[in-house]
Structure formats: structure tokens, C-alpha cells
Amino acid sequence: MIFGMTYYQICMYFLIYSFLGWCLEVAYHALKLGKIVNRGFLNGPVCPVYGFGALALYILVHYLPKSAGSGETNVLAVFFGGMILCTAVEFAAGFLLYHLFHTRWWDYSSLPLNIGGYICPLFSVLWGIACVIVVKYVHPVVQHTSDVSIPPKYGWPVMAVLYAVYLVDLIATVLTVAGMNRKLEELDRVNQSLRVVSDGLSEAIGGTTIKASESVGEARVQGALARAEWKEEVGSRVEAQRIAHAEHKAENLARIDQVKDRLETAADESRARIDGVRDGLQAAAAESRGAVEQKRAEIADRRDALILDLAGHRVFGSGRLLRAFPDMRSRDHGQLLEQIKQVLRDNEKKSGSGKS
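**Student:** Explanation requested: the overall build of the protein in the structure shown.
**Tutor:** Broken down by element type, the protein carries eight helices and two strands. Order of helices (α) and strands (β) in the protein, N terminus to C terminus: α-α-α-β-α-α-α-α-β-α. Here the protein holds 356 residues, and the buried ones make up 35% of them. Excluding contacts between residues fewer than 6 apart, the proportion of contacts in the protein whose partners are at least 24 apart in sequence is 70%. For the protein, the accessible surface area stands at approximately 21000 Å², while carbon and sulfur atoms represent 64% of it.

Shown next as C-alpha cells:
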């Protein structure tokens with residue numbers, strides 16, 4: 001015996017109340033959300049926190065004073081004691097799950113007087129009422145079932161199988177959560193890579209535009225210098241022609257034409273060279289944009305695949321957990337988790353409209 005219970009009762013109570021807690025969670029969220037979801041942390045129909053809470057409640061009741069006449073525990077003592085005890089269990093479970101998996105599985109932040117989003121007075125009162133109902137009405141039936149209806153010679157083998165399945169389910173769920181966190185980290189890296197690629201594409205386009213603009217500006221400067229040089233040269237020649245003797249007029253005009261032709265040829269060569277540079281830059285920019293856009297498409301495909309993978313698996317895996325805990329929040333990847341939950345909601349709307 002330990003705390004007024006045999007080891008057989010402890011093991012049996014834990015399984016029974018874990019299952020009853022799962023039924024309560026499913027019923028509550030069916031009323032709240034209007035749909036049936038597997039609300040357990042594990043894949044199977046169990047909520048371990050209810051099993052621990054029920055055992056803790058039984059230990060509390062074992063030590064609470066009993067009335068002299070009926071031998072029953074005082075209802076107010078059960079209410080307040082159970083309220084404090086279950087609130088402590090809920091806080092411990094939420095705190096451990098958050099710090100082990102970096103994820104908040106339920107969140108009371110929107111309710112008044114909550115503590116860290118783990119607990120709040122409203123649910124503490126509900127836990128107190130539930131404890132009174134369990135002690136007064138539920139536990140006598142559970143105790144009779146475990147002690148009389150299922151004797152130990154049959155109960156131990158059944159529990160051995162159930163606990164083995166329980167253990168496998170626990171390991172699988174822990175691996176699922178760890179895998180979900182890894183995929184969220186990878187999705188975060190993919191999004192960062194996508195932003196880097198987009199920035200690179202913008203830089204490539206902008207840099208090419210600037211270079212082309214500089215080349216065109218350089219051409220304009222060279223053309224202006226050529227025109228200025230030509231005007232200066234022509235002006236000096238004309239001035240020389242006016243001053244020079246009339247017999248040299250034809251010779252000076254010929255020299256002016258030569259200078260003009262030479263300057264026009266140089267300007268044409270300069271424009272052709274700049275056009276070639278600009279065409280080369282545009283071709284390089286087009287090739288660079290093509291490579292960057294291809295890389296961007298590959299990263300986007302990987303991002304979409306990760307989101308679909310995280311949002312999938314309706315029966316097992318991360319998708320089931322996200323459906324079971326719609327208020328789940330991630331410490332490190334909150335925005336990404338909200339995007340995935342939005343994908344889940346969109347998919348459910350599509351499937352609902354398809355059925356209708």
C-alpha cells in the first residue's frame with residue numbers, strides 16, 4: 001500500500017483517468033469548436049495529465065480529515081484542495097512542456113488574472129468543481145471497476161499491454177514534436193534564404209541599371225567633350241582662316257573637314273563601344289536574374305513542401321497536434337506556426353465546402 005492505494009490500483013487509476021480526461025477534453029472542444037478532434041498530447045485516447053491529477057487528488061483526499069459520522073471528506077475541503085492541487089498540476093505540466101519542447105500547448109493569456117498563460121482563476125474553479133464530482137460520484141465507480149470488475153489476475157496482463165502501447169506512443173510523440181521543431185527551424189532558414197535571394201535579385205537588377213546609367217552618362221560626357229573639342233578646333237581654324245591669307249583658305253577648309261571627320265569617327269566608335277558594354281551588362285543581368293529566379297523557385301518549393309508536411313498527417317504527426325491544440329504557440333517560431341495553422345484552417349474550409 002502507498003497513500004492508501006495498492007500498486008495495482010495506482011496503475012489502473014492512472015489509465016482509467018487518463019482515458020476519462022481525454023473523453024472530457026474531446027467533449028469540451030466538440031462543444032467549443034463544433035468538431036471532433038483528438039485532444040491528447042499522445043496519439044492514443046489518453047491525457048496523462050489527468051491521470052497524474054487524479055492520483056494526486058486521491059492522495060490529497062486520503063489525508064484530508066473525514067467527518068466523524070459518515071466518514072466522508074468535507075466537500076469544501078475537496079473543492080479548495082482540489083482546485084489548488086489541479087491548478088498546480090496544470091501549471092507544472094504546461095511549464096515543463098514549454099521548456100522541454102519550446103511550445104505552449106494551451107494558452108490562457110486572453111483570460112483575466114492568468115499566470116503566464118498556464119493557469120487562470122476560471123479554470124481553477126472548474127477544476128475544483130470537477131474534483132468534487134470525481135470524489136463524490138466518479139471515483140466510487142472507478143474504484144469498484146478496478147477492484148471488483150477487473151481482478152488483478154486479468155488486469156495486470158491487460159495493463160502490461162496498454163502501458164507498452166503507452167510507452168511506444170509517448171516515444172513516437174516526443175519524436176514527432178522534436179521533428180516538428182526541426183522542420184520549423186529548417187522552414188525559418190528557408191525563409192531567410194528566400195529573403196537573401198530576393199535581396200540578391202534586387203541588387204543585381206539595381207546594380208545593372210546603375211552601371212548602364214553610368215555607361216550612358218560616360219558616353220554623353222565623351223560626346224560633349226568631342227563636340228566642345230570640335231567647336232574649339234573649328235573656331236580656331238575659322239579664326240585662323242580669317243586672319244590667314246586668302247590663298248590659304250582652301251587648305252584651311254580641308255584641314256577643318258579632316259578634323260571634323262576624325263572627331264565624328266571617334267564619337268561613333270565611342271558610342272558603339274558603350275552600346276556594346278550596355279548590351280553585355282544587360283545580357284549578364286538577364287542571365288543573373290534567370291539563375292536567381294531559378295534558385296528562388298527551388299527555395300519556395302522547399303518552403304511549400306515543409307509547410308504541407310507540417311500541416312499534413314491528420315491522424316498522426318505534427319498536423320494532428322496542431323489540430324488538437326489550436327492555441328499552440330512556439331517560443332522560437334511563433335509567426336511560422338501561425339502561418340501553418342492558417343494553412344490548416346484554409347484546408348479545412350476547402351474540405352468542408354467540398355463536402356457540402
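**Student:** Would you explain the layout of surface pockets in this entry?
**Tutor:** Sizing a probe to match a water molecule and rolling it over the atoms shows the empty space that remains. In this structure, the second largest pocket occupies an estimated 330 Å³ of space. Lining the second largest pocket are 16 residues, and of these Tyr58, Val61, Thr73, Val135 and His139 sit closest to its centre. The set of elements that each furnish at least two residues to the lining of the second largest pocket consists of helix H2 (48-63) and helix H4 (121-149). The element best represented in the lining of the second largest pocket is H4, accounting for six residues. In terms of residue class, the lining of the second largest pocket is built from eight nonpolar, five polar and three charged.

**Student:** What is the right way to look at the nonpolar core in this model?
**Tutor:** Nonpolar side chains tend toward joint burial in soluble globular proteins. Phe41, Trp105, Leu184, Leu187, Phe325, Met328 and Ile340 are the most contacted members of the largest nonpolar core, which totals 58 residues. Listed by contribution, the elements that provide at least two residues to this core are helix H1 (7-33), H2, helix H3 (75-101), H4, helix H5 (152-243), helix H6 (249-311), helix H7 (318-324) and helix H8 (334-355). If one sorts the elements of this core by residue count, H1 sits on top with ten residues.

**Student:** When you look at a nonpolar patch on the surface in this model, what are you seeing that I'm missing?
**Tutor:** A cluster of nonpolar residues, Leu122, Val125, Leu126, Ile129, Ile133 and Tyr137, forms a patch on the protein surface that exposes about 560 Å² of accessible area. With respect to the helices and strands, the residue Ile129 is situated in helix H4.

**Student:** Help me understand the environment of Arg329 in this model?
**Tutor:** Within the secondary structure, Arg329 is located in strand S2 (residues 329-330). A C-alpha to C-alpha distance of 8.0 Å links Arg329 and Asp107, two positions 222 residues apart in sequence. Here Arg329 is in contact with His102, Thr103, Arg104, Asp107, Ser109 and Leu337, once residues within four sequence places are set aside.

**Student:** I keep staring at unusual backbone geometry and nothing clicks. Help me out?
**Tutor:** Excluding glycine, most residues fall at negative phi; most peptide bonds, likewise, are trans. We note that His102 has phi near 60 degrees; this positive angle belongs to a residue other than glycine. With respect to the helices and strands, the residue His102 is situated in the loop between H3 and strand S1 (103-104). The phi angle at Leu113 is positive, at roughly 60 degrees, despite the residue not being glycine.

**Student:** Honestly, the packing of H3 against H4 in this entry has me stumped. Any pointers?
**Tutor:** A pair of packed helices is captured by two measures, namely the crossing angle of their axes and the spacing between those axes. Relative to each other, H3 and H4 sit at 125 degrees, their axes nearing to 7 Å. Between H3 and H4, the angle is such that the two are oblique. Note that H3 runs across H4; the crossing there is right-handed. Touching Val75, Val78, Phe79, Gly82, Met83, Cys86, Thr87 and Glu90 of H3 are Ser124, Val125, Trp127, Gly128, Ile129, Cys131, Val132 and Val135, all from H4. Of the residues contributing to the contact of H3 with H4, the split by class is eleven nonpolar, four polar and one charged.

About the cut-offs
- Residues numbered from 1 in each chain as written.
- Predicted model: local features only at pLDDT ≥ 70, side-chain atom pairs only at ≥ 80, totals over all residues.
- Heavy atoms only, no water.
- Helix = DSSP H or I, 4+ residues; strand = E, 2+ residues; numbered from the N terminus.
- Buried < 20%, exposed > 50% of the residue type's maximum accessible area, 1.4 Å probe, protein only.
- Contact = heavy atoms within 4.5 Å.
- Areas by Shrake-Rupley, 256 points an atom, 1.4 Å probe, with all protein chains shown as cover.
- 1 Å grid on protein atoms, 1.4 Å probe; cavity = no way out; pocket = protein on both sides within 12 Å on 5 of 7 lines; lining within 4 Å.
- Points joined across faces, edges and corners; volume = space filled by probe spheres on them.
- Nonpolar A, V, L, I, M, F, W, Y, C, P; charged D, E, K, R; others polar.
- Core = buried A, V, L, I, M, F, W, Y, C linked by side-chain atoms within 4.5 Å.
- Patch = residues over 30% accessible without salt bridge, like charges linked within 9 Å, V, L, I, M, F, W, Y side chains within 5 Å.
- Salt bridge = Lys/Arg side-chain N within 4 Å of Asp/Glu carboxyl O.
- Axes fitted to C-alpha atoms, helices over the stretch in contact; angles between N-to-C directions.
- Parallel < 35°, antiparallel > 145°, perpendicular 65-115°, else oblique.
- Left-handed = near helix turned anticlockwise from the far one by under 90°.

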